[in-house]
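# Breakdown of the fold
The chain contents come next:
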Amino acid sequence: MVTPRLGHDNLGLGVGLRSTHYPYILDNEPDVDWFEIISENYMDSQGRPRYVLEQIVERYPIVMHGVSMSIGSSDPLDFDYLDKLKALAEVVDARWVSDHLCWTGVAGRNTHDLLPVPLDEPTLEHVIERIHIVQDVLQRRLILENPSTYITFAQSTMPEWEFLTRMAEETDCGLLLDVNNVYVSSVNHDFDPVEYVESVPHERIVQCHLAGHTNMGTYCIDTHDGKVIDPVWELYRLTHKRTGGISTLLEWDANIPPFQEVHAEVLKAKQHMSDQLTSTTTSEDASSIVSEKDDAPSHAIPQPVVFVGAEVE
Amino acid sequence: MSTGHELNVVQRWMQAVITNPEGIVDGVASEAAQQEIALDPATIESFILPSKRCSSIERLSVYGNAYFARLIECLAGEFPTLEYALGEELFGDFALTYLQDYPSTSYTLGNLANHFVDFLVNSRPQQEEGEEPQWPDFLIDLSRIESIYSVVFDGPGEEKVELISAADLQQIPAEKWGGIRFNFSDSFRLEVFDFPVHEYVTAVRKEESPEVPSPQKTWLAISRRDFIVRRQSLSQLQFNLLKALLEGATLSESIEQSLNELTHEEAAGFDELAANLQDWFANWTAAGWFRSLNCD
């Protein structure tokens, strides 16, 4: 019997910490439930980002979310990276540490993208082995997120939700269900997002991500540059119902508005949590949305883009 | 039992394809990709599935388009003034070549630009001996100062350490001044530029649309206080004095050395130094440049 959320607290409604909001957060101490940080932006910092984080840690629960673990890579794990990750988690008293089911590079390179793995038995075995190693180093369960993906491999033998389920059950790791990514991938790969959400092991979902994306007409890109669209909220309502409530976080990484607007967007989740589930989104629905809304900028860049610029007098 | 390619082969193939600057079709045809998995546009669907609305090539292009765009955006974030001076397109061309020569090997984008200044220096057209600094030197100076700003901004600093104060200096007996050695703050940097790039950077950040300045030897102290990067222009004499101190010389040794390094035209330096030395140290101490001092 697995405890809901693997025993983790439901932290409520959180916001991804971004440097553009530092002054507002420090000056106003907004009534946000928790913050998620991009781990790599703070692991080596000895300047203002780390200083701001230390102050925020005193007031808010912190969750660490990484983009460079590369759990699915065929390159060796980077133990220097893992040691730094562990050290930061201890310093900020991270409630949990998450990353993505992906690889970011091979042959010593880092593309800084979240690249998809073939969903087959050898890859599953490989990822499971590496999760065990990471969890041994971190001395805690790893939480892994479903990424937005844009290709599928012919050699894949199972749907992503099955891969995630078997991976989580074999390793006892947790899941971060990004319902926007489920939606984006469902449009890109012609699957039913409701079936996906219904099929993942709900008791292992520790956290949920919400975000906006960009509709490119024939596919979607996970750009984190706007509000959450209704079909994604519907998937969120389903997730809430199936899990009984989980820590929920909004990511907004491009064209970032003032903090209050970002916070207001995640607070909409309250209404969705209290609503009855009245409708569902199918792959056909997703298809019609693609054809209705064709506002794609030509420069849309999938997340992650995480760089903190210098502040100079 | 899988009938697919091994994971490392799949990943080396995909990385070769999506990081090819000429695009996905050329990436698939490239030697690096072909030696992993021999595919062509006609057979690629046997490996990368199409969707209802997109071909396999179109789907791979999402990753291919994003790879350079994402990293160029990050470089532009670190070098906003250089991008302004070059223009978005030319900056993008330099960044694209740089990323091919120096692909990221780090878990953090904070290290992406580690070789960028050297790359620009090595890209500079050959210079005649004794030639005045030119446009390429201005660009190199800009890249240097923005790189230094980034390093100082997120590197070690003294915000949590008690630094020496003007009062500490005043307590030192006059006869001991000559033997003082200063330990500088970790963030403190002394830099020389061929152009007043610090003023240009500030003007661009204030959106003042500055003109490219004429060459002018510029001596700067760059440091961090209260987590903000600060820069202060120096006279050559001040620079020489601080440089000698930074290298570990005593104050009297540093004064002698810095005066000796002045050119004939600047020989009035002794008077300048004698009149201002006390004020200089008061200001430099207030700026937080000195962590501690020792007296011989």
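Numbering of residues starts from 1 in each chain and follows the order in which that chain's sequence is written. Think of it this way: whatever chain is written first is A, whatever ligand is written first is 1, and the rest follow in order. Only residues with pLDDT of at least 70 get local features here, since the model is predicted, and only at 80 or more are side-chain atom pairs given and counted; chain-wide, interface and lining totals rely on the full set of residues.

### Section: the overall build of chain A
Helix and strand counts for chain A stand at ten helices and ten strands. Atoms counted for the radius of gyration: C-alpha only. Globule rule: 2.2 Å times residue count to the power 0.38. For 313 residues, the compact-globule formula gives about 20 Å, and the C-alpha radius of gyration of chain A, at 18 Å, lands near that figure. C-alpha atoms of chain A, sized along the principal axes, occupy 50 × 45 × 40 Å. Residues classed as buried in chain A amount to 54% of the 313 residues present. Sequence-distant contacts, at least 24 apart, represent 82% of the contacts inside chain A between residues at least 6 apart. Runs of E in the DSSP output that reach at least two residues are strands. Runs of H or I that reach at least four are helices, and both are numbered from the N terminus. In this scheme the burial state of a residue depends on its C-beta neighbours within 10 Å: 20 or more other such atoms mean buried, 12 or fewer mean exposed, and anything in between means partly exposed; the C-beta positions come from the backbone. Distance between backbone-placed C-beta atoms decides contact: two residues are in contact if it is within 7 Å.

### Here's the deal with the overall build of chain B
Summing up its helical and strand segments, chain B has 13 helices and five strands in all. Taking 2.2 N^0.38 as the reference for a compact globule, 296 residues should give roughly 19 Å; the C-alpha atoms of chain B span a radius of gyration of 26 Å, well beyond that estimate. By residue count, 37% of the 296 residues in chain B fall in the buried class. For chain B, restricting intrachain contacts to residue pairs at least 6 apart in sequence, the fraction spanning at least 24 positions comes to 63%.

### Things to note about the sheet that holds strand β4 (residues 97–100) of chain A
Residue and element names in this part refer to chain A. Here, strands pair whenever DSSP counts at least two bridges between them. Here we have eight strands rolled up into a closed barrel, ordered β1-β2-β3-β4-β5-β6-β7-β10, and parallel in their pairing. Taken over all neighbouring pairs, the strand axes of this sheet differ in orientation by 30° on average, direction set aside. Examined bridge by bridge, strand β7 (residues 205–211) and strand β10 (residues 247–251) share five bridges and lie parallel to one another. The residue bridging Cys-208 from the neighbouring strand is Thr-248, located in β10. Angles run from 0 to 180 degrees between N-to-C directions of axes, and those axes are lines fitted to C-alpha atoms, restricted for helices to the stretch in contact.

### Here's the deal with the interface of chain B and chain A
Contact residues are listed per partner, giving 54 residues for chain B and 54 residues for chain A. Top element by residues in the side of chain B that touches chain A is helix α4 (residues 56–78) of chain B. It accounts for 13 residues. Classification used: nonpolar for Ala, Val, Leu, Ile, Met, Phe, Trp, Tyr, Cys and Pro, charged for Asp, Glu, Lys and Arg, polar for all others including Gly. The residue inventory of the side of chain B that touches chain A, partitioned by class, reads 24 nonpolar, 19 polar and eleven charged.

### Some points on the nonpolar core
Linking buried Ala, Val, Leu, Ile, Met, Phe, Trp, Tyr and Cys residues through C-beta atoms within 7 Å yields a set, and such a set is a nonpolar core. With 160 residues, the main nonpolar core has A:Met64, A:Ile143, A:Leu175, A:Val179, A:Leu210, B:Val17 and B:Leu75 as its most contacted residues. Counting the residues that make up this core, at least three belong to each of domain 1 (1–77) and domain 2 (159–295) of chain B. In this view, A:Leu175 contacts A:Ile143, A:Leu144, A:Leu164, A:Ala168, A:Val200, A:Arg204, A:Ile205 and A:Val206; residues no more than four positions away in its chain are not counted. For each domain, the first and last residues come from an automatic or database assignment.

### Notes on the confidence of the model for chain A
Here pLDDT means the predictor's own confidence in every residue, given as a number from 0 to 100. Across chain A, the average pLDDT comes to 92, with 91% of residues at 70 or higher. Here residues 279–295 of chain A scores under 50 on pLDDT; set against residues more than four positions off or in separate chains, the count is 31 contacts.

### Concerning the environment of B:Leu237
Along the chain, B:Leu237 falls in helix α11 (residues 236–246). Taking the C-alpha atoms as reference, B:Leu237 lies 40 Å from B:Ser106; in sequence the two are 131 residues apart.

### Observations regarding helix α6 (residues 88–101) of chain B
Note that an α-helix has 3.6 residues per turn; residues three or four places apart therefore point the same way. All names here are of chain B. Taking 1.5 Å per residue as the helical rise, α6 with its 14 residues ought to reach 20 Å, and the 20 Å between its terminal C-alpha atoms agrees with that figure. Those residues of α6 lying buried are Phe-91, Phe-94, Ala-95, Tyr-98 and Leu-99. Buried residues of α6, viewed axially, fall in a sector of 135°; they line one side. Across α6 from its buried face, at more than 90 degrees, point the exposed residues Glu-89, Leu-90 and Gln-100. At its buried positions, α6 is contacted by α4, α5 (80–86) and α7 (116–123). For a helix, the expected span equals 1.5 Å multiplied by the residue count minus one. The arc in question is the one traced by the directions running from the helix axis out to the C-beta atoms.

### Some remarks on the packing of helix α8 (residues 230–243) of chain A against helix α9 (residues 259–274) of chain A
To describe two helices that pack against each other, one gives the angle between their axes and the distance between the axes. Residue and element names in this part refer to chain A. At their nearest, the axes of α8 and α9 sit 9 Å apart, and the two run at 60° to each other. The angle between the axes of α8 and α9 places the two elements in the oblique class. In the crossing of α8 with α9, the sense of the turn from one axis to the other is right-handed. Touching Trp-233, Tyr-236, Arg-237 and His-240 of α8 are Ala-269, His-272 and Met-273, all from α9. Split by residue class, the contact of α8 with α9 holds four nonpolar, two polar and one charged. Should an angle fall under 35 degrees it is called roughly parallel, over 145 degrees roughly antiparallel, and 65 to 115 degrees roughly perpendicular, with every other angle called oblique. Rotating anticlockwise by less than a right angle from the far helix to the near helix defines a left-handed crossing, while the corresponding clockwise rotation defines a right-handed one.

### Description of the environment of A:Trp161
Residue and element names in this part refer to chain A. Of note, Trp-161 is situated in helix α5 (residues 160–171). Assessed through the 21 C-beta atoms surrounding it within 10 Å, Trp-161 is described here as buried. With residues up to four places along the chain from it excluded, the contact list for Trp-161 reads Tyr-196, Ser-199 and Val-200.

### A look at the pairing of β4(A)
Residue and element names in this part refer to chain A. The alternating pattern of β4 places Val-97 and Asp-99 and Ser-98 and His-100 on opposite faces, both of which are buried. Bridging between strand β3 (residues 62–65) and β4 involves two bridges; their strand directions are parallel. Directly across from Met-64, in β4, lies its bridge partner Val-97. For the crossover from β3 across helix α3 (residues 79–91) to β4, the handedness is right-handed. For crossovers, right-handed means that the path from the first strand over the helix to the second runs clockwise, given strands pointing away from the viewer.

### Details of α3(A)
Residues and elements named next belong to chain A. Compared with the 18 Å implied by 1.5 Å per residue over 13 residues, the 18 Å span of α3 between its first and last C-alpha is a close match. Residues Tyr-81, Leu-85, Leu-88 and Ala-89 constitute the buried set of α3. An end-on view of α3 places all buried positions within 100° of arc, on one side of the element. Exposed residues lying more than 90 degrees from the buried face of α3 are Phe-79, Asp-80, Ala-87 and Glu-90. Its buried side turned inward, α3 meets β3, β4 and α4 (121–138). Trailing α3 by a residue or two, Asp-93 shows a phi angle of about 50°, which is positive.

### Overview of the sheet that holds strand β4 (residues 228–234) of chain B
What links the strands of a sheet is backbone hydrogen bonding, and the strands pair in either a parallel or an antiparallel sense. Residue and element names in this part refer to chain B. One open sheet accounts for three strands, arranged β2-β3-β4; its pairing is antiparallel. Edge positions in the open sheet fall to β2 (189–193) and β4, since each of these has one partner strand only. Here the strands of the sheet are splayed against their neighbours by 30° on average, with no regard to which way each runs. In this structure, strand β3 (residues 218–225) lies alongside β4, joined through seven bridges in antiparallel fashion. Directly across from Ala-221, in β4, lies its bridge partner Gln-232.

### Things to note about unusual backbone geometry
All names here are of chain A. Positive phi, normally seen in glycine, also occurs at Ser-70, with a value near 55°. Within the element layout of this structure, Ser-70 appears in the loop between β3 and α3. Look at Ser-70 and you get buried, because 27 C-beta atoms sit within 10 Å.

### Concerning the environment of A:Val312
Residues and elements named next belong to chain A. Here Val-312 lies in the segment after α10 (283–292). Of the residues examined, Val-312 has 20 C-beta atoms within 10 Å and is grouped as buried. Taking the C-alpha atoms as reference points, Val-312 and Glu-145, separated by 167 residues in sequence, lie 36 Å from one another.

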